[in-house]
There are 2 protein chains.
Amino acid sequence: MQALGLTGIARAQGVTGATPTAGRGKHVVVLGAGIAGLTAAYELEQAGFLVTLLEARDRVGGRAWTVRDGDKIEMNGEATQTARFSDGIYFNAGPARIPSFHQGLIGYAKKFGVPLEVEINSSRSAYVMGDDGRRIRMRTAVNDMRGHIAELLAKAINQGALDQSITVADRERLMPFLKSYGDLGQDMTFKGTERSGFGTAPGAGVTFAAPGSAMPIDQLLANQQLPMTLFEDNLYMQATMFEPVGGMDQIHAGFDRNLRHPAIRGAVVTRIRHTARGVSVIYRDTASGVEETVAADYMICTIPFPVLAKIDTDFSPRVKKAIAGVVYDHSNKVAFEAPRFWERDQIYGGISFVGGPTSLVWYPSAGLHSERGMLLGCYASGAKAAEFERRPIAEQIAFSRDVIERLHPGHGKDLTNGIAVNWHKVPFSLGPWPDWKAGSANGHQEGHIDTEAFRAFQLADGRVYFAGAALSQTPGWQEGGIQSAQIQVSALLRRVAAQALTEPRARTDRAA
Amino acid sequence: MQALGLTGIARAQGVTGATPTAGRGKHVVVLGAGIAGLTAAYELEQAGFLVTLLEARDRVGGRAWTVRDGDKIEMNGEATQTARFSDGIYFNAGPARIPSFHQGLIGYAKKFGVPLEVEINSSRSAYVMGDDGRRIRMRTAVNDMRGHIAELLAKAINQGALDQSITVADRERLMPFLKSYGDLGQDMTFKGTERSGFGTAPGAGVTFAAPGSAMPIDQLLANQQLPMTLFEDNLYMQATMFEPVGGMDQIHAGFDRNLRHPAIRGAVVTRIRHTARGVSVIYRDTASGVEETVAADYMICTIPFPVLAKIDTDFSPRVKKAIAGVVYDHSNKVAFEAPRFWERDQIYGGISFVGGPTSLVWYPSAGLHSERGMLLGCYASGAKAAEFERRPIAEQIAFSRDVIERLHPGHGKDLTNGIAVNWHKVPFSLGPWPDWKAGSANGHQEGHIDTEAFRAFQLADGRVYFAGAALSQTPGWQEGGIQSAQIQVSALLRRVAAQALTEPRARTDRAA
């Protein structure tokens, strides 16, 4: 199985114990209509629960926010920006791609009839640009570096330097492989490769193709973005990746239209209480200003913790402490509309890596070969994002434009209608995802999320369950939200089943 | 420019000297409505020539043959096969992908309003399968091999084995790069990488991700298809690649509907003669059986040479000898329809490499996430294709099915409606492309096509010009046909312009 690379491919396990009547008509109030809340609401309804889904915003999707022409971008401490896009162009301000092994999310998209298209996550025509502004085409960076590496290793092997490290048999197979690997000459040296592009291109008649010369290794290594040639082999970034046609939020719209009771929008939760027989939620209807109350048997809460920290709740001291202590990360995007000048440079989708506060330029996979498109001029997280977002919005946009001008000389002026999204300032989110490692003590195993607070949220607090990508091992991926929601729905199903042994007569609150 | 990988990116140069009246109403008969003939006909019309385009088949496109439900596959010496496809599924029996730098072909597609979609030419979920049937996922083959290579090179460098080959400065940059390259540990050893897939996948709560262990290098090297992990970096195979929506022949249909005089189909040429004032072509109309004659001023002939060799012509002895001596290659495809079992294995588009007479299994990029699709179970050329096509058709199909069963156990039975195309047997083609290197003498520079015959066709023979991908440096790519056609149209324009200096009064044969 390991050899097949099949072991452990992440797959949402689905909900266990669900039958159409397993919920026994119990009423669950779900807070937040992001991917986790929508998954929970859908699966609960399918399992025979009555669900009230409350969403603070006037849209579903949560961080899966697709910005379209006329949409307002409101951020704490910033003036409102209004997006201007033509021709159905859109901008995924949050998640924008789906790995092929995120079969939970892909499964729901198919179930709800949401078309998916290829998200081209890597193009050999894109660039890595060093701090000095020198650009190297991906094809050249990848293939010339591979040529040098192959040549050096072959030389070391020929010198006998690795006789203790590989068997004679392996060596005899490795040498011809290295020749293919690096496109080396018969003498096992690297003199350049057509993989890196033509020196002269082939044409009709006797217009012969000729490879270019190899870029010297020091020139390659001088480019600080050279390691980003490995980005495409990050497991989460590998072909084949997907995006929903027309915007990421099409999936969330799909969930919502398949709910018996679609999400109640504009419902800002102000108070959560346990009652004698269940839970009670007070929310303010933003349209009317009126306070409403929802009484239910159970709750699944997916509200981001910095937002939750400001809500009046009766959670346990352990949970309240956990909520108060979660630190959220920073993440920024800057988007423009432009005529597709990058396609005239034969860049179709993919990403150029530029470093600095903006990190990358990400080319659209939607609308290939059309006149105009959305160009992403910044997608960065962490400490440098925290610093960048302190700049005025206009400066963030201007900075991103300048970087694109360096990467694509002459085209900075083609960029129109720049907008910036700083997730740490977005109301009802206050960050892209938790930074669970903030302030972590020694012994924290790399890659594992496992803190006191994280564990605290995994179990119900009375009748309240917590769910969200934040409570999975992949806080930045929607699949984590699906996994978390399904786990909690399964836990609730077990609880209801156990209680049924002591309460045989089905309760009939608010018939569905 | 070299650093930018821009030098020499192949681009059809376009036609030189064309204005809407440059053709001065001269009449050109074009033989063959494949990509070269269509390009020639279109550009000639745009330049003010009158064009008669003759095509032997009842369809345009030539080798760009898109097989659909009900289409007949007739091959010399074989019983007719009838294709059966459901749901608009199609099979590109000839060219099936377009590199992003083939801007001539892409340009015509855009000009004629033919939508293009991504052709996923590489998927990390596909496989390399060795002769013993053992499969390795692409992600594992690529990333575990890279890990071993990085570890070995780092070790050699640390031992000082390459002190004479790289500078101290380069070494100091190369070591951290190698750590990224191979996803090595702090100690610069390779212990496995998440890039190759999960050992255990991340989930909700404390379901931690863990990488798998590294596949031993001997196991990787034992897989004869391991070098095919480099296929995606063949310049012609690099992301981002395209295919026309609905079949390759959509482009050729686009050409034909933009001709003032669309191709005359079912016109089988039997005789070519120079006349006192031009050329004369006799063809048999296959529908009526009647012989027709076309008299024109010039000719552009794109008929494949094995077909042309059987036509009664008055070409020069040099040209006749060249025609008679061209040897054509062999190339086979076998296609099935099936439920998309490969997508359940998370393979979306891309290619698995299996070696042997069938070479590969190529997964469709069209109709992703739909129920059924066309699966290509064979695409091989050269000597092994020549041997394979000697098998009965039923055996070719059965063999391909068996290979797919080995690659995807249990799914051989899912394959339906297998059809085989052996290009060497296809009437009016008699081969996929010339093998210009057949019988080549010493001194033939690798990669260059340059034989006596090849050169003979580049110049006009009287009033007859020859064009086709066969006469470019890339006989297997449609872009070569475009380049060749444009070069010959340009030559004809120069000739007409030169003659205009001696014949100032425009001739007015058969007004357009």
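Residues numbered from 1 in each chain as written. Chains lettered and ligands numbered in written order. Predicted model: local features only at pLDDT ≥ 70, side-chain atom pairs only at ≥ 80, totals over all residues. Heavy atoms only, no water.

Q: I would appreciate a short explanation of the packing of aromatic side chains in the present structure.
A: Note on aromatic pairs: each is described by the distance of the centres and the angle between the planes. Following the criterion strictly, the structure yields 46 aromatic pairs over all chains and no others. Seen in terms of ring centroids, A:Phe242 and B:Tyr348 are 4.8 Å apart; in terms of plane orientation they differ by 85°. Their pairing is edge-to-face. Placement of A:Phe242 in strand 12 (residues 241–244) and of B:Tyr348 in the loop between helix 9 (341–344) and strand 19 (351–355) is noted, with the two residues assigned to different chains. With centroids separated by 6.2 Å and ring planes inclined at 25°, the aromatic side chains of A:Trp362 and A:Tyr379 adopt a geometry described as stacked. Separated by 17 residues along the polypeptide, A:Trp362 in strand 20 (residues 359–362) and A:Tyr379 in strand 21 (residues 372–381) bring together distant segments of the chain. Taken together, the ring pairs connect A:Phe305, A:Phe315, A:Trp436, A:Phe454, A:Phe457 and A:Phe466 into an aromatic cluster. Over the ring of A:Tyr379 we find A:Lys333; its NZ or CZ atom is 4.7 Å from the centre of that ring. B:Arg463 extends its terminal NZ or CZ atom over the ring of B:Tyr298, reaching a point 5.0 Å from the ring centre. (Phe/Tyr/Trp six-rings, centres within 6.5 Å; stacked < 30°, edge-to-face > 60°. Helix = DSSP H or I, 4+ residues; strand = E, 2+ residues; numbered from the N terminus. Lys NZ or Arg CZ within 6 Å of the ring centre and 35° of its normal.)

Q: Would you take a moment to explain helix 11 (residues 393–407) of chain B for this structure?
A: Note: α-helices contain 3.6 residues per turn, so residues at a spacing of three or four share the same orientation. Residues and elements named next belong to chain B. Taking 1.5 Å of rise per residue, 15 residues should cover 21 Å, and helix 11 covers 21 Å from first to last C-alpha, within 8% of that figure. All buried positions along helix 11 are accounted for by Ile393, Gln396, Ile397, Ser400, Val403, Ile404 and Leu407. Buried residues of helix 11 fall within an arc of 120° about the axis and therefore sit on the same side. (Expected span 1.5 Å × (residues − 1). Buried < 20%, exposed > 50% of the residue type's maximum accessible area, 1.4 Å probe, protein only. Arc of directions from axis to C-beta.)

Q: Please explain the nonpolar core as it appears in this structure.
A: With 162 residues, the main nonpolar core has A:Phe91, A:Leu174, A:Leu178, B:Phe91, B:Leu174 and B:Leu178 as its most contacted residues. Contact partners of A:Leu174, with chain neighbours within four places excluded, come to A:Ile157, A:Ile166, B:Met145, B:Leu152, B:Ile217 and B:Leu221. By size, the runner-up hydrophobic cluster in this structure holds 93 residues, among which are A:Ala47, A:Ala109, A:Phe242 and B:Leu38. (Core = buried A, V, L, I, M, F, W, Y, C linked by side-chain atoms within 4.5 Å. Contact = heavy atoms within 4.5 Å.)

Q: How should I be thinking about the relation of the copies chain B and chain A in this particular structure?
A: Think of it as a corkscrew move, a rotation about one axis and a shift along it, taking one chain copy to the other. You can overlay chain B on chain A at an RMSD of 0.0 Å; the transform is a turn of 180° with a shift of 0.0 Å along its axis. What the rotation and shift describe, once combined, is the action of a two-fold rotation axis. Judged by C-alpha distance, B:Leu153 is the residue of chain B that lies nearest the rotation axis, at 2.7 Å. Interface residue correspondence from chain B to chain A reaches 100%, placing this contact among same-surface, isologous pairings. (Least-squares fit on C-alpha atoms with pLDDT ≥ 70 in both.)

Q: Explanation requested: the pattern of salt bridges in the structure shown.
A: Taken as a whole, this structure holds 36 salt bridges over all chains when the rule is applied. The salt bridge partner of B:Arg68 is B:Asp249, with a shortest N-O separation of 2.7 Å. Of this pair, B:Arg68 sits in the loop between strand 3 (66–67) and strand 4 (72–73) while B:Asp249 sits in helix 6 (residues 249–257); the two residues are 181 residues apart in sequence, bridging distant segments of the chain. Among the residues examined, B:Arg68 registers a relative accessible area of 25% and is labelled partly exposed. The class of B:Asp249 is buried, set by a relative accessible area of 15%. With a shortest N-O distance of 3.4 Å, B:Asp132 and B:Arg134 are connected by a salt bridge. The class of B:Asp132 is exposed, set by a relative accessible area of 52%. Salt bridges here are not isolated pairs; linked through shared partners, they connect A:Arg124, A:Arg146, A:Glu232 and B:Asp233. (Salt bridge = Lys/Arg side-chain N within 4 Å of Asp/Glu carboxyl O.)

Q: Explain the packing of helix 1 (residues 35–46) of chain A against helix 6 (residues 249–257) of chain A to me, please; I cannot follow it from the model alone.
A: Any two packed helices are characterised by how steeply their axes cross, that is the angle between the axes, and by the distance between the axes. All names here are of chain A. Across the interface, helix 1 lies against helix 6 with an axial gap of 9 Å and an inter-helix angle of 25°. With respect to their mutual orientation, helix 1 and helix 6 come out roughly parallel. Helix 6 is crossed by helix 1, and the crossing has left-handed handedness. Residues Ile35, Leu38, Thr39 and Tyr42 of helix 1 form the contact with helix 6, whose participating residues are His252, Phe255 and Asp256. Here the contact of helix 1 with helix 6 is built from residues that sort into 4 nonpolar, 2 polar and 1 charged. (Axes fitted to C-alpha atoms, helices over the stretch in contact; angles between N-to-C directions. Parallel < 35°, antiparallel > 145°, perpendicular 65-115°, else oblique. Left-handed = near helix turned anticlockwise from the far one by under 90°. Nonpolar A, V, L, I, M, F, W, Y, C, P; charged D, E, K, R; others polar.)

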